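Remarks on the overall topology
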2 protein chains.
Amino acid sequence: MNFLEERILKDGIVKEGNVLKVDSFLNHQMDIELFNEMGKEFKKRFEGKNINKILTVEASGIGIACIVAQHFGVPVVFAKKTQSINLDGEMYVAEVESFTHKCKNQVIVAQKFLNENDHILLIDDFLANGCALQGLIQLVQSAGATVEGIGIAIEKGFQPGGRMIRNLGYQLESLAIVDDMEWKTGKIVFREQN
Amino acid sequence: MNFLEERILKDGIVKEGNVLKVDSFLNHQMDIELFNEMGKEFKKRFEGKNINKILTVEASGIGIACIVAQHFGVPVVFAKKTQSINLDGEMYVAEVESFTHKCKNQVIVAQKFLNENDHILLIDDFLANGCALQGLIQLVQSAGATVEGIGIAIEKGFQPGGRMIRNLGYQLESLAIVDDMEWKTGKIVFREQN
């Protein structure tokens, strides 16, 4: 069991409706030392990849992406979910449909921060159905840039996002893959990883 | 002139309507090395303060807060702007009225991550009228915690937020205070700081 899986068992809480609450260390309160461990591990797993930029999406991906970026020595760009007055100039806009919430969301990035010379590592905190991630991939493709890899903290292995992304040939590295969880007993089963 | 002021002169763009665009290094694309310089400087300016947690607000404060946190060896909590399904349990909610946008906004933090033993450093990227910051201070006070200091990247010195916060007795440290800017000429005037 790795450091993140151990931490999930220690501080994660399983709630009804397949909700895994990790807000005490990952996405509300943030344990920066843990993020540094994640950065080291991603650096190892993407060894040899030519990465010049990290792309994530607001809000909870930002903290992890910034700490991970230190291990790669690259800047971070975060995609926005709504068009704000602070975004001007040409933008790449990806529209993604959530099949759980039955709604459409946009992820947006200024074109000047993503171009065909970019070799991108995508970082996010969670992967479940993969909507946000599909939007990020679409943004990278719109720019003619290259997705070198995808680093996720926690993947819900019982939802289809991860399988679909791997089927497309991307190197997707999830530090913890939850294959099963039960809110009544609090049981969490992780997928074996090498 | 300090490192941040130099960077603003180099890469910041003044737009009509008192908009200072710093999205190439601060709040869309993020220069992590610059954030580390900011962390070092905040550590110096808040020397001797007993700080055990950093509080910021989504989205653009998160990256700076996480990198700065490494210089203090503390966790980060980010307040949310909207109630999400991932926030359960008791929450502190601060309602702040924007006097430019004539609308009310909420900043929200789970009560379990803020309590009377906390000594808080507030971090954000921008300070203008100070609405977001007032909301964060209100959250800290609701919890009975202590604001040990406030660290801001860029303060618009010609707007009232900074003066008001200093009048209340808080140690507010803004790494760059823009006292005047002109979109026609691109001129930016910084306040002298020791």
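Data block above holds the structure.
The following refers to the structure shown. The structure displayed is predicted, hence computed values, not measured ones. (Residues numbered from 1 in each chain as written. Chains lettered and ligands numbered in written order. Predicted model: local features only at pLDDT ≥ 70, side-chain atom pairs only at ≥ 80, totals over all residues. Heavy atoms only, no water.)

Topic: the sheet that holds strand β9 (residues 146-156) of chain B
Ordered by their spatial adjacency, seven strands build an open sheet running β3(A)-β5(B)-β4(B)-β8(B)-β9(B)-β10(B)-β11(B), and the pairing between neighbours is mixed. Strand pairing shows two members of the sheet lacking a second neighbour, β3 (29-30) of chain A together with β11 (188-190) of chain B, which therefore form its edges. Against the sheet, helix α4 (residues 131-142) of chain B makes contact with β4 (53-57), β5 (76-79), β8 (119-127) and β9 of chain B, and its axis sits at roughly 170° relative to β8 of chain B, the strand it touches most. (Pairing = 2+ DSSP bridges. Helix = DSSP H or I, 4+ residues; strand = E, 2+ residues; numbered from the N terminus. Contact = heavy atoms within 4.5 Å. Axes fitted to C-alpha atoms, helices over the stretch in contact; angles between N-to-C directions.)

Describing the relation of the copies chain B and chain A
Rotating chain B by 180° and translating it 0.0 Å along the rotation axis places it on chain A, where the RMSD comes to 0.0 Å. Viewed as a symmetry operation, the transformation between the two copies matches a two-fold axis. Here 100% of the interface residues in chain B have copies in chain A that are interface residues too; the copies meet face to matching face. (Least-squares fit on C-alpha atoms with pLDDT ≥ 70 in both.)

Quick notes on the packing of helix α1 (residues 3-11) of chain B against helix α2 (residues 32-45) of chain B
All names here are of chain B. As a packed pair, α1 and α2 sit with axes 10 Å apart at the nearest point and diverge in direction by 150°. On the basis of the axis angle, α1 is roughly antiparallel to α2. Where α1 abuts α2, its residues Phe3, Leu4 and Arg7 lie against Leu34, Glu37, Met38 and Glu41. For the contact of α1 with α2, the per-class residue count stands at four nonpolar, no polar and three charged. (Parallel < 35°, antiparallel > 145°, perpendicular 65-115°, else oblique. Nonpolar A, V, L, I, M, F, W, Y, C, P; charged D, E, K, R; others polar.)

Looking at the state of the cysteines
When the sulfur atoms of two cysteines share a covalent bond, that bond is a disulfide. Per the counting criterion, the structure on display carries zero disulfides over all chains. The thiol of Cys66 of chain B is not disulfide-bonded; the next cysteine sulfur, from Cys66 of chain A, is found 6.7 Å away. (Disulfide = S-S within 2.5 Å.)

Some words on the interface of chain B and chain A
With 34 residues of chain B at the contact, the number on the chain A side is 34 residues. Where chain B abuts chain A, roughly 2,900 Å² becomes buried across the two surfaces, and 59% of that area is made up of carbon and sulfur atoms. Here chain B and chain A share two salt bridges between them. Here Asp23 of chain B ties to Lys112 of chain A by a salt bridge, and the two come within 3.4 Å at their closest N and O atoms. On inspection of chain B and its partner chain A, the count reaches 13 residue pairs in polar contact (both at pLDDT 80 or more). Elements supplying a minimum of two residues to the side of chain B that touches chain A: β3 (29-30), α2, α3 (61-72), β5 and β7 (103-110) of chain B. Tallying contributions element by element places α3 of chain B first for the side of chain B that touches chain A, with six residues. (Buried area = accessible area lost by both parts, 1.4 Å probe. Salt bridge = Lys/Arg side-chain N within 4 Å of Asp/Glu carboxyl O. Polar contact = N/O pair within 3.5 Å; in protein donor to acceptor, adjacent residues only side chain to side chain.)

Some words on the sheet that holds strand β11 (residues 188-190) of chain A
Strand-to-strand pairing in sheets goes through backbone hydrogen bonds, with the strands running parallel or antiparallel. Spatially, β11(A)-β10(A)-β9(A)-β8(A)-β4(A)-β5(A)-β3(B) is the arrangement adopted by the seven strands of the open sheet, whose pairing is mixed. In this open sheet, the two strands that pair with only one neighbour each are β11 of chain A together with β3 of chain B.

Quick notes on the environment of Glu182 of chain B
Residues and elements named next belong to chain B. Along the polypeptide, Glu182 turns up in the loop between β10 (172-181) and β11. Given the relative accessible area of 33%, Glu182 is considered partly exposed. Spatially, the C-alpha atom of Glu182 lies 34 Å from that of Glu148, the residues being 34 residues apart in sequence. Aside from chain neighbours lying at most four places away, what touches Glu182 is Val14 and Lys187. (Buried < 20%, exposed > 50% of the residue type's maximum accessible area, 1.4 Å probe, protein only.)

Fair warning: the whole summary comes from geometry, so function is off the table for now.
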